[in-house]
Amino acid sequence: MIELRPAPGKGMGMFATQDIPRGQILIHEAALLRLTSQQECPPNWWVFLYGAFESLSPEDQTRYLELFYLPGEFSNYAARISVYLSNFRGVKEEDLDAKVALVIKIMSIYDVNNAQLGDGTDGAGIFATYTRINHSCAPNTDWDWQPDSQALEVCANQDIAAGEEITITYIDTLQPYETRARELAVYGFECRCKACYDPVKAISDLGRQALEDLTRAREHLERLSSGEEPIENVDPFMLDNCGMIISELATKHVEFLTAEGLTGSELDRASKFPAHFHDLFGRYRRFCEAAHFASKNRLFHQ
Ligand SMILES: [Zn+2]
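Everything numeric here is computed off the predicted structure, so don't read it as measured data.

Student: Outline the sheet that holds strand 5 (residues 115–116), listing residues and values.
Tutor: With respect to topology, three strands assemble into an open sheet ordered 4-6-5, the strand pairing being antiparallel. The open sheet has two free edges, formed respectively by strand 4 (33–35) and strand 5, since each of these has just one partner strand.

Given below as C-alpha coordinates:
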(Lines give C-alpha, C1' and ligand atoms only; values in the text may rest on other atoms or scores of the structure.)
Protein backbone atom coordinates (compact mmCIF):
# COMPACT_ATOMS: atom_id res chain seq x y z
CA MET A 1 0.00 0.00 0.00
CA ILE A 2 2.96 2.34 0.72
CA GLU A 3 6.59 2.39 -0.31
CA LEU A 4 9.73 4.34 0.53
CA ARG A 5 11.47 5.99 -2.40
CA PRO A 6 13.33 9.23 -3.26
CA ALA A 7 11.12 12.33 -3.00
CA PRO A 8 12.23 15.23 -5.26
CA GLY A 9 14.04 17.85 -3.14
CA LYS A 10 13.40 16.05 0.16
CA GLY A 11 15.63 12.98 0.28
CA MET A 12 13.43 9.97 0.87
CA GLY A 13 9.64 9.96 1.16
CA MET A 14 6.69 7.61 1.62
CA PHE A 15 4.32 7.13 -1.34
CA ALA A 16 0.98 5.44 -1.95
CA THR A 17 1.30 2.44 -4.30
CA GLN A 18 -2.49 2.28 -4.77
CA ASP A 19 -5.59 4.45 -4.18
CA ILE A 20 -6.19 4.68 -0.43
CA PRO A 21 -9.58 5.67 1.06
CA ARG A 22 -9.97 8.08 4.00
CA GLY A 23 -9.88 6.20 7.30
CA GLN A 24 -7.53 3.46 6.06
CA ILE A 25 -4.78 2.54 8.57
CA LEU A 26 -1.48 2.74 6.69
CA ILE A 27 0.96 1.90 9.46
CA HIS A 28 0.53 -0.04 12.71
CA GLU A 29 3.91 -0.42 14.34
CA ALA A 30 5.59 -0.98 17.69
CA ALA A 31 8.43 1.29 18.75
CA LEU A 32 11.95 0.51 17.62
CA LEU A 33 13.18 2.20 20.80
CA ARG A 34 11.22 3.63 23.72
CA LEU A 35 11.88 5.75 26.80
CA THR A 36 9.49 6.11 29.74
CA SER A 37 8.39 9.60 30.73
CA GLN A 38 10.75 9.40 33.77
CA GLN A 39 13.71 8.37 31.61
CA GLU A 40 13.07 11.25 29.24
CA CYS A 41 13.64 13.84 31.97
CA PRO A 42 16.78 15.95 32.04
CA PRO A 43 19.62 15.94 32.94
CA ASN A 44 20.36 12.22 32.43
CA TRP A 45 17.97 11.29 29.63
CA TRP A 46 20.89 10.51 27.31
CA VAL A 47 22.20 7.84 29.72
CA PHE A 48 18.84 6.00 29.48
CA LEU A 49 18.77 6.58 25.74
CA TYR A 50 22.23 5.09 25.28
CA GLY A 51 21.20 2.11 27.46
CA ALA A 52 18.05 1.57 25.36
CA PHE A 53 20.11 1.78 22.16
CA GLU A 54 22.63 -0.78 23.45
CA SER A 55 19.82 -3.24 24.22
CA LEU A 56 18.68 -3.24 20.55
CA SER A 57 19.69 -6.06 18.22
CA PRO A 58 22.55 -5.20 15.81
CA GLU A 59 19.98 -5.00 12.94
CA ASP A 60 17.80 -2.56 14.88
CA GLN A 61 20.84 -0.49 15.84
CA THR A 62 21.65 -0.18 12.13
CA ARG A 63 18.03 0.82 11.34
CA TYR A 64 18.16 3.43 14.10
CA LEU A 65 21.46 4.90 12.91
CA GLU A 66 20.10 5.25 9.35
CA LEU A 67 17.45 7.76 10.48
CA PHE A 68 17.70 11.47 9.72
CA TYR A 69 19.45 13.85 12.14
CA LEU A 70 21.03 17.29 12.28
CA PRO A 71 24.77 17.08 13.09
CA GLY A 72 26.28 19.33 15.76
CA GLU A 73 23.10 19.49 17.83
CA PHE A 74 24.45 18.05 21.11
CA SER A 75 28.19 18.75 20.82
CA ASN A 76 28.07 20.67 24.14
CA TYR A 77 27.38 17.30 25.87
CA ALA A 78 30.72 15.84 24.70
CA ALA A 79 32.67 16.49 27.93
CA ARG A 80 30.12 14.92 30.29
CA ILE A 81 29.52 11.96 27.94
CA SER A 82 33.26 11.37 27.83
CA VAL A 83 33.50 11.36 31.66
CA TYR A 84 30.53 8.98 31.94
CA LEU A 85 31.85 6.55 29.33
CA SER A 86 35.35 6.34 30.81
CA ASN A 87 34.30 6.29 34.50
CA PHE A 88 31.15 4.16 34.41
CA ARG A 89 31.31 2.17 31.18
CA GLY A 90 35.02 1.35 31.07
CA VAL A 91 35.53 2.73 27.56
CA LYS A 92 39.24 2.85 26.74
CA GLU A 93 40.99 6.12 26.00
CA GLU A 94 41.65 5.24 22.34
CA ASP A 95 37.95 4.40 21.73
CA LEU A 96 36.58 7.40 23.57
CA ASP A 97 36.23 9.94 20.72
CA ALA A 98 34.38 7.49 18.46
CA LYS A 99 32.05 6.40 21.30
CA VAL A 100 31.26 10.01 22.28
CA ALA A 101 30.45 10.80 18.63
CA LEU A 102 28.17 7.74 18.53
CA VAL A 103 26.25 8.81 21.66
CA ILE A 104 25.81 12.33 20.25
CA LYS A 105 24.49 10.89 17.00
CA ILE A 106 22.03 8.67 18.93
CA MET A 107 20.82 11.76 20.84
CA SER A 108 20.46 13.85 17.66
CA ILE A 109 18.44 11.10 15.96
CA TYR A 110 16.18 10.78 19.00
CA ASP A 111 15.69 14.54 19.17
CA VAL A 112 14.24 15.00 15.66
CA ASN A 113 12.45 11.67 15.31
CA ASN A 114 10.80 10.84 18.64
CA ALA A 115 7.01 10.78 18.99
CA GLN A 116 5.32 11.56 22.33
CA LEU A 117 2.92 8.71 23.08
CA GLY A 118 -0.64 9.63 23.99
CA ASP A 119 -0.72 12.23 26.77
CA GLY A 120 2.97 11.54 27.48
CA THR A 121 2.44 9.05 30.33
CA ASP A 122 3.53 6.23 28.00
CA GLY A 123 6.76 8.11 27.31
CA ALA A 124 8.11 8.59 23.81
CA GLY A 125 9.45 6.38 21.07
CA ILE A 126 11.24 6.06 17.77
CA PHE A 127 9.26 4.33 15.02
CA ALA A 128 11.26 3.13 12.04
CA THR A 129 8.52 3.44 9.37
CA TYR A 130 6.47 6.35 10.72
CA THR A 131 9.54 8.56 11.05
CA ARG A 132 10.21 8.28 7.30
CA ILE A 133 7.05 10.28 6.49
CA ASN A 134 7.73 13.86 5.33
CA HIS A 135 5.97 16.93 6.66
CA SER A 136 3.15 18.95 5.08
CA CYS A 137 1.12 21.82 6.60
CA ALA A 138 -1.93 20.18 4.96
CA PRO A 139 -1.04 16.54 5.69
CA ASN A 140 -3.00 13.65 4.23
CA THR A 141 -2.49 11.41 7.28
CA ASP A 142 -2.76 11.63 11.05
CA TRP A 143 -1.13 9.48 13.68
CA ASP A 144 -2.38 8.24 17.01
CA TRP A 145 -0.95 6.15 19.85
CA GLN A 146 -3.01 3.05 20.65
CA PRO A 147 -2.34 2.21 24.34
CA ASP A 148 -4.17 -1.15 24.14
CA SER A 149 -1.95 -2.59 21.43
CA GLN A 150 1.03 -0.39 22.40
CA ALA A 151 1.39 0.58 18.75
CA LEU A 152 1.47 3.75 16.72
CA GLU A 153 -1.08 4.02 13.92
CA VAL A 154 -0.98 6.26 10.87
CA CYS A 155 -4.37 6.78 9.22
CA ALA A 156 -5.34 8.44 5.90
CA ASN A 157 -7.36 11.56 6.75
CA GLN A 158 -8.51 11.97 3.11
CA ASP A 159 -8.65 9.87 -0.03
CA ILE A 160 -5.09 9.47 -1.33
CA ALA A 161 -4.38 8.66 -4.99
CA ALA A 162 -1.83 6.07 -6.09
CA GLY A 163 1.59 7.74 -6.46
CA GLU A 164 0.77 10.60 -4.08
CA GLU A 165 3.24 11.30 -1.28
CA ILE A 166 2.11 10.35 2.23
CA THR A 167 2.55 13.33 4.59
CA ILE A 168 2.13 14.14 8.26
CA THR A 169 2.60 17.31 10.28
CA TYR A 170 5.57 17.84 12.60
CA ILE A 171 4.11 21.02 14.13
CA ASP A 172 0.86 22.80 15.03
CA THR A 173 -0.66 23.44 11.60
CA LEU A 174 -2.96 26.28 12.73
CA GLN A 175 -0.03 28.65 13.17
CA PRO A 176 0.69 31.26 10.46
CA TYR A 177 3.29 30.65 7.75
CA GLU A 178 6.16 32.60 9.45
CA THR A 179 5.79 30.66 12.72
CA ARG A 180 5.54 27.33 10.90
CA ALA A 181 8.66 28.14 8.85
CA ARG A 182 10.57 29.00 12.04
CA GLU A 183 9.55 25.77 13.77
CA LEU A 184 10.29 23.66 10.70
CA ALA A 185 13.79 25.15 10.42
CA VAL A 186 14.60 23.00 13.49
CA TYR A 187 14.12 19.98 11.21
CA GLY A 188 16.50 21.49 8.66
CA PHE A 189 14.15 22.22 5.75
CA GLU A 190 11.92 24.84 4.17
CA CYS A 191 8.36 23.62 3.59
CA ARG A 192 7.07 23.71 0.01
CA CYS A 193 3.61 22.26 0.66
CA LYS A 194 0.48 23.72 -0.95
CA ALA A 195 -0.18 25.99 2.08
CA CYS A 196 3.34 27.48 2.01
CA TYR A 197 3.43 28.83 -1.56
CA ASP A 198 3.03 32.49 -2.56
CA PRO A 199 0.40 33.90 -2.87
CA VAL A 200 -1.54 31.06 -1.24
CA LYS A 201 0.21 31.43 2.10
CA ALA A 202 -1.24 34.93 2.76
CA ILE A 203 -4.82 33.70 2.17
CA SER A 204 -4.08 30.51 4.04
CA ASP A 205 -2.80 32.56 7.03
CA LEU A 206 -6.14 34.39 7.30
CA GLY A 207 -8.08 31.13 7.14
CA ARG A 208 -5.82 29.46 9.69
CA GLN A 209 -6.09 32.44 12.05
CA ALA A 210 -9.90 32.09 11.93
CA LEU A 211 -9.52 28.33 12.52
CA GLU A 212 -7.24 28.98 15.46
CA ASP A 213 -9.91 31.26 17.03
CA LEU A 214 -12.63 28.65 16.43
CA THR A 215 -10.41 25.94 17.88
CA ARG A 216 -9.69 27.96 21.05
CA ALA A 217 -13.45 28.62 21.46
CA ARG A 218 -14.17 24.91 21.05
CA GLU A 219 -11.43 23.97 23.55
CA HIS A 220 -12.90 26.43 26.06
CA LEU A 221 -16.33 24.85 25.67
CA GLU A 222 -14.81 21.38 25.93
CA ARG A 223 -13.21 22.32 29.25
CA LEU A 224 -16.65 23.45 30.42
CA SER A 225 -18.34 20.27 29.26
CA SER A 226 -15.67 18.05 30.87
CA GLY A 227 -16.04 19.89 34.18
CA GLU A 228 -12.42 21.04 34.04
CA GLU A 229 -13.68 24.60 34.25
CA PRO A 230 -16.71 25.22 36.52
CA ILE A 231 -19.89 26.05 34.65
CA GLU A 232 -20.91 28.47 37.44
CA ASN A 233 -18.17 30.80 36.22
CA VAL A 234 -19.82 31.13 32.83
CA ASP A 235 -22.26 33.79 31.82
CA PRO A 236 -25.72 32.07 31.81
CA PHE A 237 -26.61 33.95 28.63
CA MET A 238 -23.65 32.29 26.92
CA LEU A 239 -24.76 28.82 28.05
CA ASP A 240 -28.32 29.36 26.78
CA ASN A 241 -27.09 30.43 23.41
CA CYS A 242 -24.24 27.99 23.11
CA GLY A 243 -26.49 25.02 22.43
CA MET A 244 -28.08 26.81 19.50
CA ILE A 245 -24.92 28.08 17.87
CA ILE A 246 -22.74 25.09 18.60
CA SER A 247 -23.90 22.90 15.75
CA GLU A 248 -23.73 25.81 13.32
CA LEU A 249 -20.23 26.69 14.52
CA ALA A 250 -19.06 23.09 14.19
CA THR A 251 -20.42 22.90 10.65
CA LYS A 252 -18.47 26.08 9.69
CA HIS A 253 -15.38 24.79 11.50
CA VAL A 254 -15.52 21.52 9.57
CA GLU A 255 -16.02 23.40 6.29
CA PHE A 256 -12.99 25.65 6.94
CA LEU A 257 -10.78 22.75 7.99
CA THR A 258 -11.71 20.77 4.90
CA ALA A 259 -11.09 23.80 2.63
CA GLU A 260 -7.61 24.25 4.15
CA GLY A 261 -6.86 20.54 3.59
CA LEU A 262 -6.73 19.94 7.37
CA THR A 263 -8.78 16.77 7.42
CA GLY A 264 -7.03 15.04 10.32
CA SER A 265 -7.66 14.78 14.04
CA GLU A 266 -8.65 18.45 14.39
CA LEU A 267 -11.55 17.75 12.01
CA ASP A 268 -12.34 14.70 14.11
CA ARG A 269 -12.46 16.75 17.34
CA ALA A 270 -14.35 19.67 15.79
CA SER A 271 -17.07 17.39 14.49
CA LYS A 272 -17.40 15.41 17.72
CA PHE A 273 -17.76 18.44 19.93
CA PRO A 274 -21.50 19.16 19.46
CA ALA A 275 -22.23 15.64 20.69
CA HIS A 276 -20.28 16.25 23.92
CA PHE A 277 -21.96 19.58 24.46
CA HIS A 278 -25.53 18.47 23.88
CA ASP A 279 -24.94 15.37 25.96
CA LEU A 280 -23.89 17.52 28.89
CA PHE A 281 -26.95 19.71 28.69
CA GLY A 282 -29.41 16.90 28.20
CA ARG A 283 -30.54 18.02 24.77
CA TYR A 284 -31.11 14.48 23.66
CA ARG A 285 -32.63 15.12 20.27
CA ARG A 286 -29.79 17.46 19.39
CA PHE A 287 -27.34 14.95 20.87
CA CYS A 288 -28.56 12.29 18.44
CA GLU A 289 -28.18 14.66 15.50
CA ALA A 290 -24.74 15.71 16.71
CA ALA A 291 -23.61 12.11 17.25
CA HIS A 292 -24.62 11.36 13.67
CA PHE A 293 -22.65 14.42 12.49
CA ALA A 294 -19.57 13.23 14.42
CA SER A 295 -19.74 9.69 13.06
CA LYS A 296 -19.64 11.01 9.50
CA ASN A 297 -16.27 12.69 10.11
CA ARG A 298 -14.74 10.10 12.42
CA LEU A 299 -11.14 9.11 11.75
CA PHE A 300 -9.85 6.80 14.49
CA HIS A 301 -12.18 4.36 16.21
CA GLN A 302 -12.39 5.06 19.92
ZN1 LIG B 1 3.93 23.85 4.50
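Student: Would you mind going over the packing of helix 1 (residues 45–54) against helix 4 (residues 93–113) in detail, with residue names and values included?
Tutor: Closest axis-to-axis distance for the helix 1/helix 4 pair is 10 Å, and the angle between their directions is 100 degrees. Of the possible angle classes, the one that applies to helix 1 and helix 4 is roughly perpendicular. Taking contact as the criterion, the partners of Trp46, Leu49, Tyr50 and Phe53 in helix 1 are, on helix 4, Val103, Ile106, Met107 and Tyr110. Of the residues in the contact of helix 1 with helix 4, the class split is eight nonpolar, no polar and no charged.

Student: So what's going on with helix 4? Which residues, and what values?
Tutor: Between the first and last C-alpha of helix 4 there are 31 Å, a value that for 21 residues agrees with the 30 Å anticipated at 1.5 Å per step. When we look at burial in helix 4, the residues that qualify are Val100, Val103, Ile104, Ile106, Ile109, Tyr110 and Asn113. At its buried positions, helix 4 is contacted by helix 1, helix 2 (58–65), helix 3 (78–88) and strand 6 (124–126).

Student: Give me the sheet that holds strand 10 (residues 165–168): which residues, what numbers.
Tutor: Here we have four strands laid out as an open sheet, ordered 1-2-10-7, and mixed in their pairing. The open sheet is flanked by strand 1 (2–7) and strand 7 (134–135), the only strands paired with a single partner. When strand 7 meets strand 10, the two strands line up parallel, connected through two bridges. Along strand 10, the bridge assignment pairs Asn134 with Thr167.

Student: Outline the environment of Phe53, listing residues and values.
Tutor: Mapped onto the secondary structure, Phe53 falls in helix 1. In this structure the C-alpha to C-alpha distance between Phe53 and Val103, which are 50 residues apart in sequence, comes to 9.4 Å. Non-local contacts of Phe53, meaning those with residues more than four positions away in its chain, are made with Leu33, Gln61, Tyr64 and Ile106.

Student: Describe the nonpolar core, with residues and values.
Tutor: Within the largest apolar cluster, 34 residues are counted, with the highest numbers of intra-cluster contacts made by Leu26, Leu33, Ile126, Tyr130 and Val154. Elements represented by at least two residues in this core include exactly strand 2 (11–16), strand 3 (25–29), strand 4, helix 1, helix 4, strand 6, strand 9 (151–156) and strand 10. For this core, the leading source of residues is helix 4, giving six residues. When residues of this core are assigned to domains, at least three fall in each of domain 1 (2–30 + 127–169) and domain 2 (33–125). Among residues more than four places away in sequence, those in contact with Ile126 are Ala31, Leu32, Leu33, Tyr64, Tyr110, Asn113, Asn114 and Thr131. Among the nonpolar cores identified, the runner-up in size contains twelve residues, and Leu211, Leu221, Leu224 and Phe273 belong to it.

Reading the values: the criteria
Residues numbered from 1 in each chain as written. Predicted model: local features only at pLDDT ≥ 70, side-chain atom pairs only at ≥ 80, totals over all residues. Pairing = 2+ DSSP bridges. Helix = DSSP H or I, 4+ residues; strand = E, 2+ residues; numbered from the N terminus. Axes fitted to C-alpha atoms, helices over the stretch in contact; angles between N-to-C directions. Parallel < 35°, antiparallel > 145°, perpendicular 65-115°, else oblique. Contact = placed C-beta atoms within 7 Å. Nonpolar A, V, L, I, M, F, W, Y, C, P; charged D, E, K, R; others polar. Expected span 1.5 Å × (residues − 1). Buried ≥ 20, exposed ≤ 12 C-beta atoms within 10 Å, placed from the backbone. Core = buried A, V, L, I, M, F, W, Y, C linked by C-beta atoms within 7 Å. Domains from an automatic or database assignment.

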